[in-house]
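# Observations on the model geometry
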Amino acid sequence: MSERFEQGVAALRRLMDARIVSYFSSCVHCGLCAEACLFYTETGDPKYTPIYKLEPMRKMWRQENTFWGKLGVKLGLTEPLAEQDLADWETLVYDSCTLCGRCSMVCPVGNDIAYMIRKEREGMVAAGYAPDGMKEATRRALEIGSPMGVTLKTLRATLKGVERNTGLAIPVDAQGAEYMTLFSSMEVVNFPEYIESIARIFAAAGVSWTISSEAFEATNSGIQIGDSKAAGELVGRVVSAAEKLGVQYVISPECGHAFTAIRWEGANLIGRPLPFKVIHILELLEQLREEGRLKLEGHTDIRLTFHDPCQIVRRGGVVEQPRQLLREVATEFVEMRDHGVMNWCCGGGGGVSANERAEPLRLQAFQRKKKQLDELGVETMVTACANCRIILEEGIEHYGMDVQVTGLTELLAEHLAGPAES
Amino acid sequence: MFLDFVEGPLWYAAAAVFLVGVAWRLAAIARAGLKEDLSVPRTAGAPGAVATVFRRFLPHREFMRPAAFQMVAGYAFHIGLFVLVLFAAPHVEFIEQRILGFGWTPAPHWVFLLAANFAFAGLLLLWLRRMLDPVLRRISTLDDHIGTGLTFVVMFTGCMALFESHDFLRALHMLFVDLLLIYFPFSRLMHAFTFILSRGFTGATMARKGVSA
């Protein structure tokens, strides 16, 4: 037994909490979770059944928590969890699960399978079984500060462009600001228009905000790969920067896992309550609209729909705000058949987009989104996650579809009301 | 004599294994522990836990079609079994004389027949699906088949005993009931109790996030 494998086993043993034990005790192997998973529905391959992806962890639970499992291993009738099990399951656990949690919504006994896979990944990564792409992204996040290798210099260059385009000064390290804003690397590199949009909106709404030069990255590769230590380190940097600046709020950007990382796992990862409130950009925008500080004018008549980022909507609870905001600026907003907390994932969450070898499977799984879009016949899809956006654009390109993808914050900024004439 | 044994010492032993075993399994879940969630909740977890325990009795509206077969067959089996166990005349009599000291009005014979038909049909349909569906074949274990088989034999011998009113058939039925009780805490049949916990845990977590699960 290798040392790494022992570490993996120890991690799985440590993570076998009351939730996991009750989930395995309750599972009746009904297989309904398969019908909720786009990797199964789009391939028809039973190995993509969500609960089957948990086989190594189930084996561990059985051998350590059940009578028959203990007896079987003792008598040599049952094979205990072996290193080969982890090696064999690596692709199922990382390539064919986006942690979207749709399966968790349909399980008749209520098992939160996404939570279980998130925990199983802890054991996998401790044993050394994780995709190279995700390992590298985590290494870059820890060493450079961003999974894509975005440095402060890169950010400053982007901000210069933002200042040029908007004519606004972007506050960096402004002591005592009310809000500290985080970005995902993708927004800095691929979608600086998001940064321009919030700069415009915040200026118009009179929001006191800043960016920290010490912690501007929201993406948390530790959460995706299943490394709590790395995830805690990354959250710790944000906490430390926010404490230094004395902000009251930290804004999570249009990025799904970033929101889960800081809003729902952040305090647990650092082992103490966060000394600030976390608010998602969509929550803040809707709050500003309700307070009358975000004034919008005009609307688009293009038929469009909203793609729900799983971690923001189903796993994050920001369900109605994007819809309310969209209705303000779009007259032809239509919903996909399965939307809101029952949406279908883009196929690239949970680190799958950082996992090169998963690309063919991801594109196959994208057929689910394609069917949804074909059914609606929309020209534009709005979303609120930079990772979803990249994945959706790739899928649309791959299947030669004629659909534009845009960010919700950008759409709102386009309809920002001008200053009132006196 | 066989009847005396399966309704006497073996019954008491089986009931004891069942009660202690179930308590042990539930205690094992409690012993596993759960770290306090330090995130700031949107809504309280406890009401969400209770809501999800009840909400999951029906699939999500969007998931009604994929879940239709299992829902219909599952309810046919579970409701049928529930009626058989608690309202079949010999069971009510047994419960009154041997367990609680009081009974209630048993179901009329036609209700018993209807419940038995539903229970058998549901159980067989679910088992056929387990044998034929590629997903279920992939994930099913020996335990799933033993649990189904034992339940079927208990129901089958129970019906035989009722119709034939023969001591040997009654003893055979009791023997399988005793075996089922002994097997119960070591098997997936435990879901009859643990589903409340698993639904509750998920419901509480999701309610904290502001999501109705």
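For clarity, every value in this text was computed on a predicted model and none was experimentally measured.

Before going further, it helps to spend a moment on the pattern of salt bridges. Residue and element names in this part refer to chain A. In total, this model carries 37 salt bridges over all chains according to the counting rule given. The partner of Glu196 in a salt bridge is Arg200, and the shortest N-O contact between them spans 4.0 Å. Of this pair, Glu196 and Arg200 both sit in helix α13 (residues 192-205), four residues apart, which is roughly one turn of that helix. Exposure remark for Glu196: the relative accessible area of 14% places this residue in the buried category. A residue is classified by how much of its surface remains accessible, and Arg200, at 32% relative accessible area, is partly exposed. With its nearest N and O atoms 3.2 Å apart, the salt bridge here joins Glu328 to Arg289. In this pair, Glu328 sits in helix α19 (residues 320-329) while Arg289 sits in helix α18 (residues 281-290), placing the two residues 39 residues apart along the sequence. What emerges from the salt-bridge pattern is a single network uniting Glu136, Arg139, Arg140 and Glu143.

Attention now moves to the interface of chain B and chain A. For an interface, size is often stated in terms of accessible area lost upon the parts coming together. At the interface, 46 residues of chain B touch 60 residues of chain A. Between chain B and chain A lies a buried interface of about 4,400 Å² when both sides are counted; carbon and sulfur atoms form 59% of it. At the boundary of chain B and chain A, one finds one salt bridge. Between the two partners, chain B and chain A, sit 28 residue pairs in polar contact (both at pLDDT 80 or more). Per-element tally for the side of chain B that touches chain A: the top contributor is helix α10 (residues 191-208) of chain B, with 11 residues. Within the side of chain B that touches chain A, the residues separate by chemical class into 21 nonpolar, 12 polar and 13 charged.

What follows covers a nonpolar patch on the surface. Residues and elements named next belong to chain B. On the surface, Val50, Phe54, Phe57, Leu58, Met64, Tyr75 and Ile79 cluster together to form a nonpolar patch covering roughly 650 Å² of accessible area. Here the nonpolar patch takes three residues from helix α4 (residues 64-87), the largest share from any one element. Looking at Val50, the relative accessible area reads 48%, which means it is partly exposed.

A separate point is the domain arrangement of chain A. Residue and element names in this part refer to chain A. Each assigned domain of chain A is listed with its residue range as follows: domain 1 (3-130), domain 2 (146-290) and domain 3 (304-414). Here the C-alpha centroids of domain 1 and domain 2 sit 33 Å apart. Of the residues lining the interface, eight residues belong to domain 1; the matching set on domain 2 comes to eight residues. For domain 1, the biggest contributors to the area lost against domain 2 are Arg118, Glu122 and Val125; these three give 62% of the whole.

All names here are of chain A. Here we have four strands laid out as an open sheet, ordered β2-β1-β3-β4, and parallel in their pairing. The open sheet has two free edges, formed respectively by β2 (209-210) and β4 (277-280), since each of these has just one partner strand. Direction of pairing for strand β1 (residues 179-181) relative to β2: parallel, over a ladder of two bridges. Bridge assignment links Met180 to a residue of β2, and that residue is Thr210. Each of β1, β2 and β3 (249-252) is contacted by helix α15 (residues 228-245), which is oriented at about 145° to β1, the strand it contacts most. Sitting on the sheet, α18 is in contact with β1, β3 and β4, with an inclination near 80° to β4.

All names here are of chain A. Neither face of strand β6 (residues 380-383) is open: one carries Thr380 and Val382, the other Met381 and Thr383, and all of them are buried. The sheet contact formed by strand β5 (residues 304-306) and β6 spans three bridges and is parallel. Within β6, the residue paired with Leu304 across the bridge is Thr380. The pairing of β6 with strand β7 (residues 404-407) spans four bridges and is parallel. Among the inter-strand pairings, Met381 is bridged to a residue of β7, identified as Val405. Handedness of the crossover joining β6 and β7 through helix α22 (residues 386-398) is recorded here as right-handed.

What follows is about the environment of Asp143(B). All names here are of chain B. Within the secondary structure, Asp143 is located in helix α8 (residues 142-164). Note on Asp143: relative accessible area 18%, which makes it buried. Put simply, Asp143 and Phe186 are 43 residues apart on the chain and 9.3 Å apart in space, counted from C-alpha to C-alpha. Those residues in contact with Asp143 that sit more than four places away from it in its chain are Tyr183, Ser187 and Arg188.

Here we take up the packing of aromatic side chains. One pair of aromatic rings is described through two measures. These are the centre distance and the angle between the planes. The full count for this structure, using the stated rule, is 21 aromatic pairs over all chains. Centroid distance Tyr179(A) to Tyr249(A): 4.8 Å. Interplanar angle 20°. Geometry classified as stacked. Residue Tyr179(A) is found in strand β1, and its partner Tyr249(A) is found in strand β3; the two are separated by 70 residues along the sequence. Summarising the burial analysis for this pair, Tyr179(A) and Tyr249(A) share the class buried. Feature note: the residues Phe67(A), Trp68(A), Tyr183(B) and Phe186(B) constitute an aromatic cluster, connected by ring pairs. Directly above the ring of Trp264(A) sits Arg263(A), whose terminal nitrogen or CZ lies 3.9 Å from the centroid. Cation over ring: Arg199(B) sits above Phe57(B), and NZ or CZ is 4.4 Å from the ring centre.

Next up on the list: the packing of α4(B) against helix α5 (residues 89-100) of chain B. Residues and elements named next belong to chain B. Close contact between α4 and α5 brings their axes to 5 Å; oriented N to C, the two are set at 50°. What the angle tells us is that α4 and α5 run oblique. Where α4 approaches α5, its residues Leu84, Val85, Leu86 and Phe87 are matched on the opposing element by Ala89, His91, Val92 and Ile95.

Here we take up helix α2 (residues 18-26) of chain A. In an α-helix, one turn spans 3.6 residues; hence positions three or four apart end up facing the same way. Most of α2(A) is tucked away, with nine of its nine residues classed as buried. Listed as buried for α2(A) are Ala18(A), Arg19(A), Ile20(A), Val21(A), Ser22(A), Tyr23(A), Phe24(A), Ser25(A) and Ser26(A). Taken together, the buried residues of α2(A) touch α5 (55-65) and α9 (113-126) of chain A together with α2 (9-32) and α10 of chain B.

With that settled, the discussion passes to the confidence of the model for chain B. The share of residues in chain B with pLDDT of 70 or more is 100%, and the mean pLDDT across the chain is 96. In the predicted complex, the global pTM is 0.95; the interface-specific ipTM is 0.96.

Residue and element names in this part refer to chain A. Although it is not a glycine, His29 adopts a positive phi angle of roughly 55°. With respect to the secondary-structure elements, His29 resides in the loop between α2 and α3 (32-36). Here His29 falls in the buried class, since its relative accessible area comes to 4%.

Below, the discussion takes up the sheet that holds β5(A). Residues and elements named next belong to chain A. Pairing in this open sheet of three strands is parallel, and the strands run β5-β6-β7 from one edge to the other. In the strand order of this sheet, the two ends are held by β5 and β7, each with one partner. Here the average twist between neighbouring strands, direction ignored, is 25°.

Residues and elements named next belong to chain A. Taken across its 10 residues, α18 has eight buried, putting it largely inside the fold. Along α18, the positions that sit buried rather than exposed are Ile281, Leu282, Glu283, Leu284, Leu285, Glu286, Leu288 and Arg289. Count one or two residues on from α18 and you reach Gly292, which has phi positive near 80°.

Cut-offs used in this document
Residues numbered from 1 in each chain as written. Chains lettered and ligands numbered in written order. Predicted model: local features only at pLDDT ≥ 70, side-chain atom pairs only at ≥ 80, totals over all residues. Heavy atoms only, no water. Salt bridge = Lys/Arg side-chain N within 4 Å of Asp/Glu carboxyl O. Helix = DSSP H or I, 4+ residues; strand = E, 2+ residues; numbered from the N terminus. Buried < 20%, exposed > 50% of the residue type's maximum accessible area, 1.4 Å probe, protein only. Contact = heavy atoms within 4.5 Å. Buried area = accessible area lost by both parts, 1.4 Å probe. Polar contact = N/O pair within 3.5 Å; in protein donor to acceptor, adjacent residues only side chain to side chain. Nonpolar A, V, L, I, M, F, W, Y, C, P; charged D, E, K, R; others polar. Patch = residues over 30% accessible without salt bridge, like charges linked within 9 Å, V, L, I, M, F, W, Y side chains within 5 Å. Areas by Shrake-Rupley, 256 points an atom, 1.4 Å probe, with all protein chains shown as cover. Domains from an automatic or database assignment. Pairing = 2+ DSSP bridges. Axes fitted to C-alpha atoms, helices over the stretch in contact; angles between N-to-C directions. Right-handed = clockwise from strand over helix to strand, strands pointing away. Phe/Tyr/Trp six-rings, centres within 6.5 Å; stacked < 30°, edge-to-face > 60°. Lys NZ or Arg CZ within 6 Å of the ring centre and 35° of its normal. Parallel < 35°, antiparallel > 145°, perpendicular 65-115°, else oblique. pLDDT = per-residue confidence, 0-100.

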